[in-house]
Amino acid sequence: MTAEYKVHGDIALITLNNPPVNGLGLATRQGITNGLDQAQADPAVKAVVITGAGKAFSGGADIREFGTPKALAEPNLLSVILAVENCRKPVVAAIHSVAMGGGLELSLGCHYRIAAPGANIALPEVKLGLIPGAGGTQRLPRVIGVEAALNMIVSGEPVKSEMLAQLPGQKLFDKLAASPESLLDEALAFAREAAAKHADGSALPLVRNLPCKHKDGDAYFQFARNMVKGMAKNFPAPAKCVDAVEAATKQKFDQGMLFEREIFINLMWTPECRALRHLFTAERAASKIPDVPEDTPQRKIEKVAVIGAGTMGGGISMNFLNAGIPVTILETKQEALDRGVGVMRGNYEAQVKKGKLKQDKLDARMALLTTTLDYDAIKDADLVIEAVFEEIGVKEAVFKKLDAVMKPGAILASNTSTLDVNKIANFTQRPQDVVGLHFFSPANVMKLLEVVRGDKTAKDVMATVMSVAKKIKKTAVVSGVCDGFIGNRMIEQYGRQGGFLLDEGCTPAQVDRAIEKFGFAMGPFRMGDLAGNDIGWAIRKRRYTEKPDMKYSKTADLLCEKGRFGQKVGKGWYDYVPGKRDAIPNAEVEQMIADHRKALGITPRKISDEEIVQRLVFSLVNEAAHILEEGIANKASDIDVVYIFGYGFPVHRGGPLKYADEVGLFNVVQAMKRFQRNPLDDAKFWEPAPLIQRLVAEGKNFNG
């Protein structure tokens, strides 16, 4: 049983014990109701306390039961809460650490609530494309007021218990404990007080009986809808949160509960909800490596060194400083060090100005930073990350020096975005200690980290860097070694399609508009300008030698020959005004594209937004299928995580492979066959990957 029952004198204690966050799975729900039955049948028990073991009161639903019959099996959470409300003896929720989602809803069904300071309180269902489904939208407004409740429900963000306890007139917490350590003793004492208070048979207080009104009624909810519409245009759940909370103010409690439940069930089957639930589990699954057990011993990482103080080196260093880990940056020249440290300090100072960081935190982080021009000064580092120029000869020189000076057992990491990690590892006498850590720019902001596993990378190195990724708040995805790894290998195909679309009749702005309307943060041409068109040019030059049969549009080369490298020089596919990032279409670029098209003898055609989106997105899908077949990625959901967190793929679509599943792989294949018949495209590329063909034949999809 995952809910333990004990009696402390005249008080029954039900302790939720379902690690890691006491999710309210079927066994836990049964344990709660069984405990309530036992307490009511025992004349010696005067009251009940419900609390959670370990590091949570309860984090809500047990995600391991999502999509299984157990999730809806009786007693479901609504039935459990009803049983708590109907208990003849006072039930006190003793809340600590985390009370989120169904955990908070369970506590709102209790007659009384005592909370430890520092507890995170939230209804985060909106982040899964849902609304609270067990009374959260109906009960929370009754205890903290309509506006405070709606803000919590629409944002899904946690609020500290002591902050909620200070809200005027709040009835969420009857008492705030002196400390987390004293919570249980105080809860037992409080339960005895409640038992004495109701010994005469007086009615126990129920949140459902509290009034719920807003003085401005319709005007307030219209304002709330307008705000939500602007913030969450691709997601239906936030607007439905407003509807449900409004119902709490206008309908009787039981009617409001039915309305909430109807909304919850309808949202559960929307593609947006399916996408968000997929990402929720995918992000957590990404950290699991099939052949590296979770109990694999890890190496100690107490000191980090970074080679290179440029944009990437500085951004990488900030991640570790933010986590309280000392960093030494090594450069070849003092002026490069000074410039890099100045940029880092400037980034922190900008956060201070915006109120996102306190001055003492800035000072503490910069105090952890040291700089050097001497490799000997970093020899004791536990982890060293090179962030130097993306050229194999430069990497070779760095890794040979690191091999000579670094202590035994140090992890040697490369921030390469495309180069062969096995080759880099072989520049050393310790290939087992070498790994790729591909940070995404800006490295101090972007959440994704591609962890590139070489053929000889040791398992304890993999376990260590995956753990370090969590400490520096990155979502890490493991990739095998290939040109471009997962993300950049796929984006090359996406970029190639963008070029073909220009040849056939599109403008850069038309392509970007279509894919941005689909939900991408930016289209391929705006992205090229941001990253630097010269980077792609260098890769294509390498391709012309290594893969002469690979077909490219020549428009991007013509652009680079004009020196239009992007935002950094104020001109690329678009023009840019200094200090702004607005992409302004350039007539000369459009004429260059038209002239090139004419030189090729191509008559431009009108291309629909649907075709643009399908060619760009399905190119990602087909390349991803090859990556899966080759074992470069461990699972389809890892690829979705890479594209959501590293490449601006629309969150509400769940990633390229989840989106392909939603469209239906049969339909994806039909589209690929159409593209194969286009003489101006690359027919060989559009041959559906064998994995896709097999999945279609078996009636399956990428994500099971």
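Refer to the structure printed above.
Residues numbered from 1 in each chain as written. Predicted model: local features only at pLDDT ≥ 70, side-chain atom pairs only at ≥ 80, totals over all residues. Heavy atoms only, no water.

Enquirer: Give me the overall build of the protein: which residues, what numbers.
Expert: Counting its regular elements, the protein contains 29 helices and 19 strands. For the protein, the C-alpha radius of gyration of 29 Å lies close to 27 Å, the compact-globule estimate for 704 residues. On the principal axes, the C-alpha backbone points of the protein span a range of 95 × 60 × 50 Å. Sorting the 704 residues of the protein into buried and exposed places 54% on the buried side. (Helix = DSSP H or I, 4+ residues; strand = E, 2+ residues; numbered from the N terminus. Rg over C-alpha atoms; globule rule 2.2 N^0.38 Å. Buried < 20%, exposed > 50% of the residue type's maximum accessible area, 1.4 Å probe, protein only.)

Enquirer: Explain unusual backbone geometry to me, and be specific about the residues and the numbers.
Expert: A cis geometry characterises the amide bond from E74 onward to P75, with omega recorded as 0°. Position of P75 relative to the elements: it lies in the loop between α2 (69-72) and α3 (77-85). A cis amide bond, omega -5°, links S441 with the succeeding residue P442. Backbone geometry at N22 places phi at a positive 55°, although glycine is not the residue there. Within the secondary structure, N22 is located in the loop between β2 (11-16) and α1 (26-41). For N22, a relative accessible area of 2% gives the class buried. Within the chain, S97 stands out as a residue other than glycine whose phi angle is a positive 60°.

Enquirer: Outline the nonpolar core, listing residues and values.
Expert: Membership of the largest hydrophobic core comes to 68 residues, with the highest contact counts inside it found for I486, W573, V617, F618, I639, F649 and F702. The biggest single contributor to this core is helix α25 (residues 609-629), with 11 residues. Once residues within four sequence positions are removed from consideration, F618 is found in contact with V613, Y659, V663, V668, A671, M672, F675 and W686. A115, L128, C241 and V242 belong to the second largest nonpolar core, which has 62 residues in total. (Core = buried A, V, L, I, M, F, W, Y, C linked by side-chain atoms within 4.5 Å. Contact = heavy atoms within 4.5 Å.)

Enquirer: Please set out the packing of helix α6 (residues 146-155) against helix α10 (residues 237-250) residue by residue, giving values where relevant.
Expert: Closest axis-to-axis distance for the α6/α10 pair is 10 Å, and the angle between their directions is 155°. Viewed along their axes, α6 and α10 adopt a mutual orientation that is roughly antiparallel. When you trace α6 past α10, the crossing you get is right-handed. Here V146, L150, I153 and V154 of α6 come into contact with α10, specifically with P238, C241, V242, V245 and T249. By residue class, the composition of the contact of α6 with α10 is eight nonpolar, one polar and no charged. (Axes fitted to C-alpha atoms, helices over the stretch in contact; angles between N-to-C directions. Parallel < 35°, antiparallel > 145°, perpendicular 65-115°, else oblique. Left-handed = near helix turned anticlockwise from the far one by under 90°. Nonpolar A, V, L, I, M, F, W, Y, C, P; charged D, E, K, R; others polar.)

Enquirer: Just give me the short version of the packing of aromatic side chains, but keep the residues and values in it.
Expert: One pass over the full model with this rule turns up 14 aromatic pairs. For the pair Y220 and F221, a centre-to-centre distance of 5.2 Å together with 70° between the ring planes defines the contact as edge-to-face. Just as Y220 is buried, F221 falls in that class too. Aromatic side chains Y643 and Y647 sit 4.4 Å apart centroid to centroid with 15° between the ring planes, which places their arrangement in the stacked category. The exposure class assigned to Y643 is buried, which follows from its relative accessible area of 0%. Within the aromatic cluster, the residues linked to one another by ring pairs are Y494, F518, F520, F649 and Y659. The ring centre of F280 lies 3.7 Å from the NZ or CZ of R284, which sits over that ring. (Phe/Tyr/Trp six-rings, centres within 6.5 Å; stacked < 30°, edge-to-face > 60°. Lys NZ or Arg CZ within 6 Å of the ring centre and 35° of its normal.)

Enquirer: So what's going on with the sheet that holds strand β5 (residues 98-100)? Which residues, and what values?
Expert: Strand order in the open sheet formed by three strands is β5-β7-β8, with mixed pairing between adjacent strands. The sheet terminates laterally at β5 and β8 (159-160), the two strands that pair on one side only. Here strand β7 (residues 120-122) runs beside β8; their pairing, made up of two bridges, is antiparallel. When the sheet's bridge partners are listed, N120 is paired in β8 with K160. (Pairing = 2+ DSSP bridges.)

Enquirer: Before we move on, could you go through the environment of D575 and cite the residues and values that matter?
Expert: The residue D575 is located in strand β18 (residues 574-575) in this model. Taking the relative accessible area as the measure of exposure, D575 reaches 24% and is therefore partly exposed. Separated by 2.8 Å, the side chains of D575 and N586 make a polar contact. (Polar contact = N/O pair within 3.5 Å; in protein donor to acceptor, adjacent residues only side chain to side chain.)

Enquirer: Help me get a handle on helix α29 (residues 690-697), residues and values and all.
Expert: Residues separated by three or four positions in an α-helix point in the same direction, a consequence of the helix having 3.6 residues per turn. Among all positions of α29, only L691, I692 and L695 are buried. Down the axis, α29 shows its buried residues gathered within 100° of arc, on one side only. Packed against the buried residues of α29 are α25 and α28 (665-676). Of the residues one or two after α29, G699 is the one with positive phi, at around 70°. (Arc of directions from axis to C-beta.)

Enquirer: So what's going on with the sheet that holds strand β3 (residues 47-52)? Residues and values would help.
Expert: Ordered in space as β1-β2-β3-β4-β6-β9, the six strands form an open sheet in which the pairing is mixed. Both edges of this open sheet fall to β1 (3-8) and β9 (175-176), since each of them pairs with a single strand only. Of the pairings in the sheet, the one linking β1 to β2 comprises six bridges and is antiparallel in character. Among the inter-strand pairings, Y5 is bridged to a residue of β2, identified as I14.

Enquirer: Quick one: what's the story with the packing of helix α9 (residues 217-231) against α10, residue by residue and with numbers?
Expert: Two elements in contact, α9 and α10, have axes separated by 9 Å at closest approach and are oriented at 170°. Taken together, α9 and α10 sit at an angle that is classed as roughly antiparallel. In this structure, α9 uses D218, F221, A224, R225 and V228 to contact α10, whose residues at the interface are P238, A239, V242, D243, V245, E246, T249 and K250. In terms of residue class, the contact of α9 with α10 is built from seven nonpolar, one polar and five charged.

Enquirer: An account of the pairing of strand β16 (residues 448-452) is needed here, citing residue identities and associated values.
Expert: The buried fraction of β16 amounts to five of the five residues, a majority that puts the element mostly inside the structure. Neither face of β16 is exposed, since L448, E450 and V452 on one face and L449 and V451 on the opposite face are all buried. Relative to β16, strand β15 (residues 434-439) runs antiparallel, the two being bridged by four bridges. When the bridges of β16 are listed, L437 appears paired with V451. Alignment of β16 against strand β17 (residues 475-479), held across five bridges, turns out to be parallel.

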